[in-house]
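Here is how the chains run, residue by residue.
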Amino acid sequence: MLVKICLRLAISTAFLSAVADRFGLWPSEVSVWGNWNNFINYTQIINPWFPESVINSVGVIATAAELLFAMCLIIGFKTEWVAKLSGLLLLVFGLSMTFSTGIKGALDFSVFTASAAAFALSLIKEKHWKLDNLLEK
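Rules used in this analysis
- Residues numbered from 1 in each chain as written.
- Predicted model: local features only at pLDDT ≥ 70, side-chain atom pairs only at ≥ 80, totals over all residues.
- Heavy atoms only, no water.
- Helix = DSSP H or I, 4+ residues; strand = E, 2+ residues; numbered from the N terminus.
- Polar contact = N/O pair within 3.5 Å; in protein donor to acceptor, adjacent residues only side chain to side chain.
- Salt bridge = Lys/Arg side-chain N within 4 Å of Asp/Glu carboxyl O.
- Buried < 20%, exposed > 50% of the residue type's maximum accessible area, 1.4 Å probe, protein only.
- Expected span 1.5 Å × (residues − 1).
- Phe/Tyr/Trp six-rings, centres within 6.5 Å; stacked < 30°, edge-to-face > 60°.

1. What about the side chain of Glu80?
- Tracing the backbone shows Glu80 in helix 4 (residues 79–101).
- Polar side-chain contacts of Glu80 include one of 2.7 Å to the side chain of Lys4.

2. Details of the pattern of salt bridges
- Here the structure, examined in full by the defined rule, presents three salt bridges.
- One salt bridge in this structure joins Glu66 and Arg22, with 2.5 Å as the shortest N-O distance. In this pair, Glu66 is assigned in helix 3 (residues 52–75) and Arg22 in helix 1 (residues 2–22), connecting sequence segments 44 residues apart. Comparing Glu66 with Arg22, the two get one shared label, buried.

3. Structural notes on helix 4
- Over its 23 residues, helix 4 extends 32 Å from the first C-alpha to the last, a length consistent with the 33 Å expected when each residue adds 1.5 Å.
- Phi for Gly102, located one or two positions after helix 4, is positive at around 105°.

4. Considering the packing of aromatic side chains
- Applying the stated criterion across every chain yields a total of five aromatic pairs.
- With a centroid separation of 6.5 Å and an interplanar angle of 55°, the aromatic rings of Phe15 and Phe69 are classed as tilted. Placement of Phe15 in helix 1 and of Phe69 in helix 3 is noted, with a sequence separation of 54 residues between them.
- A residue is classified by how much of its surface remains accessible, and Phe15, at 2% relative accessible area, is buried.
- Taking relative accessible area as the criterion, Phe69 reaches 11% and is therefore assigned buried.
- Taken together, a centroid distance of 6.1 Å and an interplanar angle of 45° make the contact between Trp33 and Tyr42 tilted.
- Looking at Trp33, the relative accessible area reads 17%, which means it is buried.
- Residue classification places Tyr42 among the partly exposed residues on the basis of a relative accessible area of 25%.
- One aromatic cluster is present, built from ring pairs that chain together Phe23, Trp33, Trp36, Phe39 and Tyr42.

These figures come from the coordinates and say nothing about function on their own.
Okay, here's the thing in structure tokens:
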């Protein structure tokens, strides 16, 4: 039970921290992007195959997915399914980083580790501390 709760909280808080950074909610000395424009510029760097005209939409979609997945993981809503989607999103991030700027950034930010953790979470079938328990009754 503790492993599943820890994985849910670790993945969800990592998503929320990244989103907070995009909106300047972290102090500048610990921030990666610090604002939306810097995040969008980085999104373009790691996704050079997308036309510049759609990069803002890619950033919005990624941010919305991270927020939605974080909230679902925190409350335990469709945890196994959301964990798989989270693992896939993180894997796409890691591969995008690897193919555009090299593998070091993806390794330094533990993107593949987080992806593996999300996929592992999707396999844990325990039903403790989840909104799904209330919905199934």
